[in-house]
Amino acid sequence: MRKSRRMTYTERVQRRVRLMYALLAVMAVYMIVIVELGGGDSRRMSELAQSLSRILYFGGIIFIISRITYDKRLLKSRLLLKEKRREEQDERNQYLHDKSGGWVMDALLLCLLVITWTTALFNMAAFYTSAVILATAAVLKLGSYWYASHKINQ
């Protein structure tokens, strides 16, 4: 059996940048598919659904582009890269992330974002349901993070 080599932090940041570029491409293809399927008809969408779908989609694109530029700036500066690695490997931050749901909750929130955005373009009843579930999950994540943070400080 082949042992896997541990990636350096620089390699992880480079992989993160490549994944962000891939995510941008997937978002563009997804939007084309949605339009071809007839989603986003303003005659069937409520104003809240229109606003939230635009915020989620274009906000996501802006967020991804900002993360790409930030990570590329990290790769250019050894000092920034070292500081960011120290921050990400901090035990307190890892503990708080794990106590607030960890990667599973992050993946759930991402899936709920995509579901909410898609349902906003097609079905208002499903949109309102998924929006409430998304808001509930976000409040639970933030609440558990806040609770764990205050519990540590005591």
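Here the structure is shown first, and the text comes after it.
Let us look at the structure shown here. Note that the structure is a prediction, hence the values are computed from the model and not measured.

So, the layout of surface pockets
Taken as a whole, the largest pocket encloses approximately 1700 Å³ of empty space. Lining the largest pocket are 33 residues, and of these Met20, Phe63, Arg67, Trp103 and Asp106 sit closest to its centre. For the lining of the largest pocket, the secondary structure elements donating two or more residues are helix 1 (9–36), helix 2 (47–76), helix 3 (78–88), helix 4 (91–99) and helix 5 (102–122). Considering every element that reaches the lining of the largest pocket, the biggest residue donor is helix 1, with nine residues. Within the lining of the largest pocket, the residues separate by chemical class into 18 nonpolar, six polar and nine charged. In this structure, the second largest pocket spans a volume of roughly 170 Å³.

Some words on a nonpolar patch on the surface
A cluster of nonpolar side chains, namely Val29, Val33, Leu37 and Phe122, defines an oily patch on the protein surface of about 360 Å² accessible area. Examined against the element boundaries, Val29 turns out to sit in helix 1.

Here we look at the packing of helix 2 against helix 3
The contact between helix 2 and helix 3 brings their axes to 5 Å, and the two run at 115°. One finds that helix 2 runs roughly perpendicular with respect to helix 3. For the pair formed by helix 2 and helix 3, the contact residues are Tyr70, Arg73, Leu74 and Lys76 on the first element and Arg78, Leu80, Leu81 and Lys84 on the second. Of the residues assigned to the contact of helix 2 with helix 3, the class counts are four nonpolar, no polar and four charged.

Structural notes on the packing of aromatic side chains
Counted by the stated rule, this structure contains four aromatic pairs. Measuring from ring centre to ring centre gives 5.1 Å for Tyr57 and Trp117, while their planes differ by 15°; the resulting arrangement is stacked. On the criterion of sequence distance, the pair formed by Tyr57 in helix 2 and Trp117 in helix 5 is long-range, its members being 60 residues apart. A relative accessible area of 6% places Trp117 in the buried class.

Considering the side chain of Ser53
One can find Ser53 in helix 2. By relative accessible area, which is 6% here, Ser53 ends up buried.

Remarks on the environment of Gly102
When you line up the elements, Gly102 lands in helix 5. A residue is classified by how much of its surface remains accessible, and Gly102, at 5% relative accessible area, is buried. On a C-alpha basis, the gap between Gly102 and Lys141 in space is 9.2 Å, while along the polypeptide they are 39 residues apart. Apart from residues no more than four positions distant in its own chain, Gly102 is found in contact with His97 and Lys141.

Some thoughts on the environment of Ser46
Within the secondary structure, Ser46 sits in the loop between helix 1 and helix 2. Sequence separation between Ser46 and Thr116 is 70 residues; the distance between their C-alpha atoms is 14 Å. Discounting residues that sit within four places of it in the chain, Ser46 has contacts with Met124 and Tyr128. Side chain to side chain, Ser46 and Tyr128 meet in a polar contact 2.9 Å long.

Some words on helix 5
Here helix 5 contains 21 residues, and its C-alpha end-to-end distance of 31 Å stays within 8% of the 30 Å for a straight helix at 1.5 Å per residue. Those residues of helix 5 that fall on the buried side of the exposure criterion are Gly102, Met105, Leu109, Leu112, Thr116, Trp117, Thr118, Thr119, Ala120 and Leu121. Looking at the buried positions of helix 5, the neighbouring elements they touch are helix 1, helix 2, helix 4 and helix 6 (124–153).

Definitions and cut-offs
- Residues numbered from 1 in each chain as written.
- Predicted model: local features only at pLDDT ≥ 70, side-chain atom pairs only at ≥ 80, totals over all residues.
- Heavy atoms only, no water.
- 1 Å grid on protein atoms, 1.4 Å probe; cavity = no way out; pocket = protein on both sides within 12 Å on 5 of 7 lines; lining within 4 Å.
- Points joined across faces, edges and corners; volume = space filled by probe spheres on them.
- Helix = DSSP H or I, 4+ residues; strand = E, 2+ residues; numbered from the N terminus.
- Nonpolar A, V, L, I, M, F, W, Y, C, P; charged D, E, K, R; others polar.
- Patch = residues over 30% accessible without salt bridge, like charges linked within 9 Å, V, L, I, M, F, W, Y side chains within 5 Å.
- Areas by Shrake-Rupley, 256 points an atom, 1.4 Å probe, with all protein chains shown as cover.
- Salt bridge = Lys/Arg side-chain N within 4 Å of Asp/Glu carboxyl O.
- Axes fitted to C-alpha atoms, helices over the stretch in contact; angles between N-to-C directions.
- Parallel < 35°, antiparallel > 145°, perpendicular 65-115°, else oblique.
- Contact = heavy atoms within 4.5 Å.
- Phe/Tyr/Trp six-rings, centres within 6.5 Å; stacked < 30°, edge-to-face > 60°.
- Buried < 20%, exposed > 50% of the residue type's maximum accessible area, 1.4 Å probe, protein only.
- Polar contact = N/O pair within 3.5 Å; in protein donor to acceptor, adjacent residues only side chain to side chain.
- Expected span 1.5 Å × (residues − 1).

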